[in-house]
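Here is what each chain is made of, one letter per residue.
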Amino acid sequence: SYTAAASHAIAASYSGDASDGASASGQLSEVVSPAGSTATALTSSLSESPAGQPVTLTATVTPAPDGGTVAFTDGGTAIPGCSSQGVSSANGVATCTYTFAVAGTHHLIASYSGDGSYPASSSSTFNQVVDPASTTTTMTSSWNPASPGQQITYTAKVTPIPDGGTVAFSDFGATITGCASV
């Protein structure tokens, strides 16, 4: 019973005995092919997640191979830290935890590399929906109460700290002049 796919050159040799001479066969080429096929399925711990929250991606290869790796890609690009995850021979599972920073729909594929006994396979596309991260905006005033004619500075603080965007200040729904897009 061979454990890996390969070609083998097999020969048989008879040692002979007191009344019969030794002999040898010609070589027989024994080809051990990879297992018929594998299937790879991809799931996520959260099919819809907010940006900045870690998500665990799980690839399951069946039948459970005795080796190989899984590469996780997003739109054809390797996901950092998820390009060569070992497959468990016990259950055919490979996992990777990744934090998506960009909101939108990410088109993920898990690709099993194959090994000496099992052929490669890829999952169908899994759509990971990443929602914009939740933010909280708080505001303070430099003077409250203030006197007529006194200049007031309003300060808005957005948490967690975003990587862009603007703040609009208004007074009873009407934009404060010069403060529409700060």
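What you see is a predicted model; the values in this text were computed from it and never measured.

## Thoughts on unusual backbone geometry
Pro-63 follows Thr-62 through a cis peptide bond whose omega is -5°. Here the amide bond leading from Asn-144 into Pro-145 is cis, since omega sits at 10°, within 30 degrees of zero. Within the secondary structure, Pro-145 sits in the loop between β15 (136-141) and β16 (154-159). Notably, Phe-172 is not glycine yet its phi reads approximately 50°, a positive angle. Within the secondary structure layout, Phe-172 lies in the loop between β17 (170-171) and β18 (174-175). According to the relative accessible area criterion, Phe-172 is exposed, its value standing at 89%.

## Quick look at the state of the cysteines
Scanning all chains against the criterion turns up 1 disulfide. Here Cys-82 engages in a disulfide with Cys-96; their sulfurs sit 1.8 Å apart. Here the S-S torsion is close to -70°, and the disulfide linking Cys-82 with Cys-96 is therefore left-handed. Here Cys-82, found in the loop between β9 (77-78) and β10 (85-86), pairs with Cys-96, found in strand β11 (residues 93-99); they are 14 residues apart in sequence, far enough to count as distant.

## Notes on the packing of aromatic side chains
Counted under the stated rule, the structure contains 1 aromatic pair. Plain terms: the ring middles of Tyr-98 and Phe-100 are 4.9 Å apart, the flat faces sit at 85° to each other, and that makes the pair edge-to-face. By relative accessible area, which is 23% here, Tyr-98 ends up partly exposed. Taking the relative accessible area as the measure of exposure, Phe-100 reaches 2% and is therefore buried.

How each quantity is defined
All residue numbers here refer to positions counted from 1 along the written sequence of the relevant chain. pLDDT decides what is reported in this predicted model: residues at 70 or higher carry local features, side-chain atom pairs at 80 or more are listed and counted, and totals for whole chains, interfaces and linings draw on all residues regardless. No hydrogens and no water enter the side-chain calculation; it runs on all heavy atoms of the structure. The way it works is that DSSP assigns letters per residue, a run of H or I at least four long becomes a helix, a run of E at least two long becomes a strand, and they are numbered from the N terminus. Any residue under 20% of the maximum accessible area for its type is buried, any over 50% is exposed, and the rest in between are partly exposed; the area is computed with a 1.4 Å probe on protein chains only. Disulfides are defined as pairs of cysteine sulfur atoms found within 2.5 Å of each other. Only the six-membered ring of Trp is used, alongside the rings of Phe and Tyr, when aromatic pairs are assigned; centres must lie within 6.5 Å, and planes under 30 degrees apart are stacked while those over 60 apart are edge-to-face, with the rest tilted.

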